[in-house]
Amino acid sequence: MASNLREIAEHSSAWPFEEARKIVARLNKRPKDEIIFATGYGPSGLPHIGTFGEVARTTMVRHAFRVLTGDKVKTRLIAFSDDMDGLRKVPDNIPNKDMVAEHLGKPLTKVPDPFGTHPSFGEHNNARLRAFLDVFGFEYEFLSATACYTAGRFDETLLRVLAHFDAVMGIMLPSLREERAQTYSPFLPISERTGVVLQVPVIAHDGKAGTITYEDPDTGETVTTPVTGGRCKLQWKPDWAMRWVALGIDYEMAGKDLIDSVKLSGEICRAIGGRPPEGFNYELFLDEKGQKISKSKGNGLTIDEWLRYASPESLSLFMYREPKAAKRLYFDVIPRHVDEYHQYLDAYQRQDDRQRLSNPVWHIHSGHPPKIDMPITFAMLLALVSSSNAENAETLWGFIGRYRPGVTPQTHPKLNELVDYAIHYFRDFVLPAKTYREPGEQERAALSDLRDALSQLPSDASAGDIQDVVYEVGRREPFLDKTGKIKTRDGKPGVSLEWFNMLYQVLLGQEKGPRFGSFVAVYGLKNTIEMIDGALARSA
RNA sequence: GAGCGCGUAGCUCAGAUGGUAGAGCACCUGACUUUUAAUCAGGUGGUCCUGGGUUCGAGUCCCAGCGCGCUCACCA
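These remarks concern the structure in this document. All chains use their own residue numbering, which begins from 1 and follows the written sequence. The order in which chains are written sets their letters, starting at A; the order in which ligands are written sets their numbers, starting at 1. For a predicted model such as this one, the threshold for reporting local features is a pLDDT of at least 70, and the threshold for listing and counting side-chain atom pairs is 80 or more; totals across whole chains, interfaces and linings nevertheless cover every residue. Based on all heavy atoms of the structure, the side-chain values leave hydrogens and waters out of the count.

Comments concerning the protein's contact with RNA strand B
Formally: Whether a residue is near a molecule or strand depends on its heavy atoms: it is near if one of them lies within 4 Å of it. Contacts described as polar in this section are N or O atom pairs within 3.5 Å, which, within protein, must combine one atom able to donate a hydrogen with one able to accept it, while residues neighboring in sequence count only if both atoms come from side chains. A helix here means a DSSP run of H or I that spans at least four residues, while a strand means a run of E at least two residues long, and both kinds are numbered starting from the N terminus.
Around RNA strand B lies a shell of 43 residues, among which Glu322, Gln467, Tyr471, Phe500 and Pro514 are the nearest. Sugar plus phosphate: this is where 59% of the atoms of RNA strand B within 4 Å of the protein reside. A distance of 2.4 Å is found between a sugar or linking oxygen of RNA strand B and a side-chain nitrogen or oxygen belonging to serine 13. The side chain of tyrosine 504 places a nitrogen or oxygen atom 3.4 Å from a base oxygen of RNA strand B. Residue assignment for the surface near RNA strand B shows that the elements contributing at least two residues are α11 (259–271), α17 (378–387), α18 (393–403), α21 (463–474) and α22 (497–508).

Given below as structure tokens:
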């Protein structure tokens, strides 16, 4: 069975397999004991939706690779934090900005934690990142740049970079503008005096001694320092190349904004005798207007927002789909992905192995998608929640039970999760957008009468009985039917549409709604009466 | 300037290995309901950006062009 699956995987056009085959080819060329996947995180801050995407996608490739190799080759996923980068500017979204401002330029792991929960800002961010990855159950190994540098784990490779100093400069300089090229150095010494990561020209380097020499920008003093032991860090692109070599990275994907960086880092990697990892450039996420999503602009969706309205699995589906196409990430895409996720789950049960391997849920669930019965779509649920004024899960379940008899939170726990998401949607989007029309004099009188009539009904009155009462109260001006088309069986005057429209516009703040008797039966007589009282008080 | 992506129904988008163009929404009709849908059954709607090429056959593969968008070139 397993070998059969493997054979199919070898010809699958699903992108994780395409990627994994690149790694297999790499492995065949240069055999090694284990394959190392990497993802990196900048210092600028907190985990965001792109972070999730990168880890989720890398995990999919990793799993595809394991299937392709019959799980005979060990794999690791390194989550690498650039926590030794100098703090360039004070982020907007943190407390104690003044304190942090005093430490500008220092490695993040030397800046005190503005939140006061960790020894340093860098460690704070690292903890946030790990907590974030853990929520999703990702399997990974965390590495801190600071820890690697100071423990000497990078020393050997740092010396190799130093030995190829001129070659590295030869690669970097043509990519820089003239004024920047004047001062560029791949090595950034960390000042013994101030602790700041210095961006200064290197006036001499000594490969044998393993040192560089620079001029202290404040004192003008000439300083010679070893490049090892955490006394120097590397500039971004050489740093990436060094890390690939030092850690033996085989695969790392990156956003398309980093295409040039990947290229240059790859050249540097080769220059110091390494082999750049296999890679993949994914497209960036756009907001609904097609603008790039950025944390500073605050456009697009955050991961918290997605998870407030839908499951992590639906977000994984979003990440699986066409990683090379620019995709808009805004609220409207959520319901579709939730429903498609369940469609794929359903389809999976009916598919053969070949189809299964190109089914997104196979990749999302690492080959073991669950079997879930979802009797109602999320799109319908959202329509239901907004048309039924269901402010809480109990009310919404009342409507669901009416619509799909026998379906309960107990029989369908996954649907219950969707119900919670739908309620969030209602509170955040539907409720604030409601505009309640003011009733006129005659309408107020009718509403008041309706309130009294409903209060006379037994608490277990049926939807039909309630509907009859609603008609009876509405059988008055200005709601009588003028068209002559509507007639009751016993010849009483008909009630026009206006009566019901008024109820929805005044009571629910919407143009249309469900059959009113059914609505009251589920919503509750008492709640309905309170709602009418509220409307009368609001307009009094 | 360099790189990447996109162009399919009114809108948002699917269309593995080439084989009679699809979905959702919107719209229209009907059913159900003494009038209100969130239900159900149907339906209208497309020069698949353009022009070549390969092929028995191209939305799909190749070349060229047009249009749109994004990214990079300071830092990570």
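Comments concerning the packing of α17 against helix α19 (residues 413–433)
The cut-off we apply is this: For helices, the axis comes from a line fit to the C-alpha atoms of the stretch in contact; other axes are also lines fit to C-alpha atoms, and the angle between any two N-to-C directions lies between 0 and 180 degrees. An angle below 35 degrees is treated as roughly parallel, one above 145 as roughly antiparallel, one from 65 to 115 as roughly perpendicular, and anything else as oblique. Helix crossings fall into two classes, left-handed where the near helix is turned counterclockwise from the far one by less than a right angle and right-handed where it is turned clockwise. The contact criterion used is simple: two residues touch if any of their non-hydrogen atoms lie within 4.5 Å.
The geometry of α17 relative to α19 is characterised by a closest axis approach of 9 Å and an angle of 50 degrees between their N-to-C directions. Our classification of the angle between α17 and α19 gives oblique. Like other packed secondary-structure pairs, α17 and α19 cross with a definite hand, here right-handed. The segment α17 lies against α19, with Phe378, Leu381, Leu382, Val385 and Ser386 engaging Leu415, Leu418, Val419, Tyr421, Ala422, Ile423, Tyr425, Phe426 and Val430.

Some words on the sheet that holds strand β5 (residues 202–206)
Selection criterion: Note on pairing: DSSP must find at least two bridges between two strands before they are called paired.
Here 3 strands make up an open sheet; going across it, the order is β5-β6-β7 and the pairing antiparallel. Two strands close off the open sheet at either side, each with one partner strand: β5 and β7 (222–226). If you compare each strand with its neighbour and ignore which way they point, the axes differ by 20 degrees on average. Two strands pair when backbone bridges link them, and β5 and strand β6 (residues 211–215) are joined in this way by 4 bridges, in the antiparallel orientation. The residue bridging alanine 204 from the neighbouring strand is threonine 213, located in β6.

Section: the sheet that holds strand β9 (residues 251–255)
Strand order in the open sheet made by the 5 strands is β3-β2-β1-β9-β10, with parallel pairing throughout. Of all strands in the sheet, those bounded by a partner on one side alone are β3 (141–144) and β10 (278–282). If you compare each strand with its neighbour and ignore which way they point, the axes differ by 25 degrees on average. Examined bridge by bridge, strand β1 (residues 34–41) and β9 share 2 bridges and lie parallel to one another. Each bridged residue has a counterpart across the sheet, and for alanine 38 the counterpart in β9 is glutamate 252. Packed onto the sheet, helix α2 (residues 15–29) meets β1, β9 and β10 and runs at close to 155 degrees relative to β10. Its contacts with the sheet put helix α10 (residues 236–247) on β1, β2 (74–81), β3 and β9, and the angle it makes with β9 is roughly 155 degrees.

Here's the deal with the nonpolar core
Buried together is how nonpolar side chains tend to be arranged in soluble globular proteins. For clarity, the cut-off: Here the nonpolar core consists of buried residues drawn from Ala, Val, Leu, Ile, Met, Phe, Trp, Tyr and Cys, with membership extended through side-chain atoms lying within 4.5 Å. Accessibility here uses a 1.4 Å probe with only protein chains present; expressed as a share of the type maximum, an area under 20% marks a residue as buried, one over 50% as exposed, and anything in between as partly exposed.
Leu381, Leu396, Trp499 and Leu503 are the most contacted members of the largest nonpolar core, which has 113 residues in total. Residues contacting leucine 503, with those up to four places away along its chain left out, are Leu447, Leu450, Val470, Leu508 and Phe516. By size, the runner-up hydrophobic cluster in this structure holds 40 residues, among which are Phe165, Leu234, Ala241 and Trp244.

Remarks on the pattern of salt bridges
Which entries qualify depends on this criterion: What makes a salt bridge here is a side-chain nitrogen of Lys or Arg within 4 Å of a carboxyl oxygen of Asp or Glu, nothing more.
Considering all chains together, one arrives at 26 salt bridges under this definition. Among the salt bridges present, the one from glutamate 283 reaches lysine 256, with a minimum N-O distance of 2.9 Å. Residue glutamate 283 is found in the loop between β10 and β11 (285–286), and its partner lysine 256 is found in the loop between β9 and α11; the two are separated by 27 residues along the sequence. By relative accessible area, which is 16% here, glutamate 283 ends up buried. Overall, the relative accessible area of 39% leaves lysine 256 in the partly exposed class. Because the salt bridges share partners, they merge into one network encompassing Asp82, Asp85, Lys233, Asp239 and Arg243.

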